[in-house]
Amino acid sequence: MVSPVSITGRGARGHWVPGLLFCAVGMGVATVVASVLPGLSALLVAIVLGAVVANTMAVPAVLAPGVGLAAKPVLRAGIVLLGLQVGLQEVLGLGAPMVLTVVATVGIGILATLWVGKRLGVPPAQRLLIACGFSICGAAAVAAVEGVTDAEEEDVAVAVGLVVLFGTLMIPAVPLLAGLLSLGENQAGLWAGAATHEVAQVVAIGSTLGPGALAAAVVVKLARVLMLAPVMAVLAWQVRRAAGAAEKPAGTLPPLVPLFVVGFVAMMMLASTGLVPVAVLEGAQTLESMCLATAMFALGLGVRVSSLRKVGPRPVVLGAASTAIVAATALTGVILAS
């Protein structure tokens, strides 16, 4: 892990620059790599790249303040901007049955994954990251949970790595299973959006199924992204309650609703007005991807392979179980909604 460096005192703000620039370069490389590898997002590439750098070279301590800034405030700024991608009109246009399917998929996915993870002996923080990443929106959800619960970097890396693994396996699996189940193009698209972890993976699946399926898949996936706000608010409330039970001073309790969640909801409502120009939305989407990829690279820098070796096969088994749970719940909902 990068050694912490104090950022207090005169001129401390300038100490953030080297680390931020370093993470920005990592983001740029990850973006280029992701552009030539279909099915992978820059977020996933960035955290892997950061881990590779951290385990193959000595990261200077002078970079620590900027890396810390990228891993927290920049991350939260990216999540706020993510709200501009979610329009309530598009989500409501799916109809009540599909909206309920999305809610059920996220809710059942999280609760069932936590239950299975507990019985497998997966540590609480790790199973929570996996549950939310697989049930909501992949790496962005993992990062959001990390921001609320302050999970360890190694647990974040494991959860994102599993999102990459099982989400990639879904790319050939969903079209194949959709064919075996005789699902129509629209049904297959709805299932892909409701069952697959990452937005990039959903796009890859939808593209193979047809333009109608792609449009349906993306809208359903954005509906799942919408669930990020209430889930993070509940998690923050639980963290606050646990801190209160431990009789921590009132001033040290986390906010009831994290500020970045408020910002996410505000951006979502703004996008829903239809008043934001398309050019602004596109620019915000690019900036959001840059922020999240920069933050993922920073998180990757805190990962040590020696620590990951201690994890064992249980998180992998949990990832497989969570994928099956989410996919089965989503498929049931899509069939009933149709």
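Please read these numbers as outputs of a predicted model, since none were measured by experiment.

When helices and strands are counted, the chain shows 16 helices and 0 strands. Buried residues in the chain amount to 49% of all 338 residues. In the chain, once contacts between residues fewer than 6 apart in sequence are set aside, the share between residues at least 24 apart is 82%. Counting only carbon and sulfur atoms, one obtains 72% of the accessible surface of the chain, whose full area is about 14,700 Å².

Before going further, it helps to spend a moment on the layout of surface pockets. In this structure, the largest pocket occupies an estimated 900 Å³ of space. As for the largest pocket, its lining consists of 34 residues, of which Q85, V199, Q285, E288 and S289 are closest to the centre. Looking at the lining of the largest pocket, the elements that each hand over two or more residues are α1 (16–35), α2 (42–56), α10 (199–209), α11 (211–226) and α14 (278–300). It is α14 that provides the largest number of residues to the lining of the largest pocket, a total of 9 residues. In the lining of the largest pocket, the residues fall into 21 nonpolar, 9 polar and 4 charged.

Glancing now at the packing of α1 against α2. Relative orientation of the contacting elements α1 and α2 amounts to 125 degrees, with a least axis distance of 8 Å. Viewed along their axes, α1 and α2 adopt a mutual orientation that is oblique. At the point where α1 passes α2, the crossing takes the right-handed sense. Taken together, the residues of α2 that come into contact with α1 (itself represented by F22, G26, V29, A30, T31, V33 and A34) are A42, V45, A46, L49 and V53.

Take the nonpolar core next. Among the nonpolar cores identified, the biggest contains 100 residues, and I136, W191, L228 and M232 are the most heavily contacted of them. Sort the elements by how many residues they give to this core and helix α8 (residues 153–180) lands first, with 12 residues.

Cut-off values and rules
- Residue numbers restart at each chain and count upward from 1, following the sequence in its written direction.
- Only residues with pLDDT of 70 or above have their local features reported here, since the model is predicted, and side-chain atom pairs are shown and tallied only from 80 upward, although totals for entire chains, interfaces and linings are computed over all residues.
- The basis for every side-chain value is the complete set of non-hydrogen atoms in the structure, without hydrogens or water.
- We count a stretch as a helix when DSSP gives it H or I for four or more residues in a row; a strand needs E for two or more, and each element gets its number in order from the N terminus.
- When accessible area is computed with a 1.4 Å probe and restricted to protein chains, residues below 20% of their type maximum are described as buried, those above 50% as exposed, and intermediate ones as partly exposed.
- The contact definition used throughout considers only heavy atoms, calling two residues in contact when any of these lie within 4.5 Å.
- For the area figures, the Shrake-Rupley method with a 1.4 Å probe applies, and any residue is considered shielded solely by the protein chains shown.
- Using a grid of 1 Å spacing that covers the protein atoms alone, one calls a set of points a cavity when a 1.4 Å probe fits there but cannot get out, and a pocket when the set is open and has protein on both sides within 12 Å along at least five of seven lines; lining residues are those with an atom within 4 Å of a point.
- Grid points are joined across faces, edges and corners, and a volume is the space filled by probe spheres set on the points.
- In the scheme used here, Gly and all other residues not listed as nonpolar or charged are polar, with Ala, Val, Leu, Ile, Met, Phe, Trp, Tyr, Cys and Pro taken as nonpolar and Asp, Glu, Lys and Arg as charged.
- Fitting a line to C-alpha atoms yields each axis, with helices limited to the stretch in contact; the angle taken between N-to-C directions then spans 0 to 180 degrees.
- The scheme is simple: roughly parallel for angles under 35 degrees, roughly antiparallel for over 145, roughly perpendicular for 65 to 115, oblique for anything else.
- By the definition used in this description, the sense in which the near helix is turned from the far one sets the handedness, with an anticlockwise turn below a right angle giving left-handed and a clockwise turn giving right-handed.
- Side-chain atoms within 4.5 Å are what join buried Ala, Val, Leu, Ile, Met, Phe, Trp, Tyr and Cys residues into a set we call a nonpolar core.

Remember that the coordinates give geometry; whether it matters functionally is a separate question.
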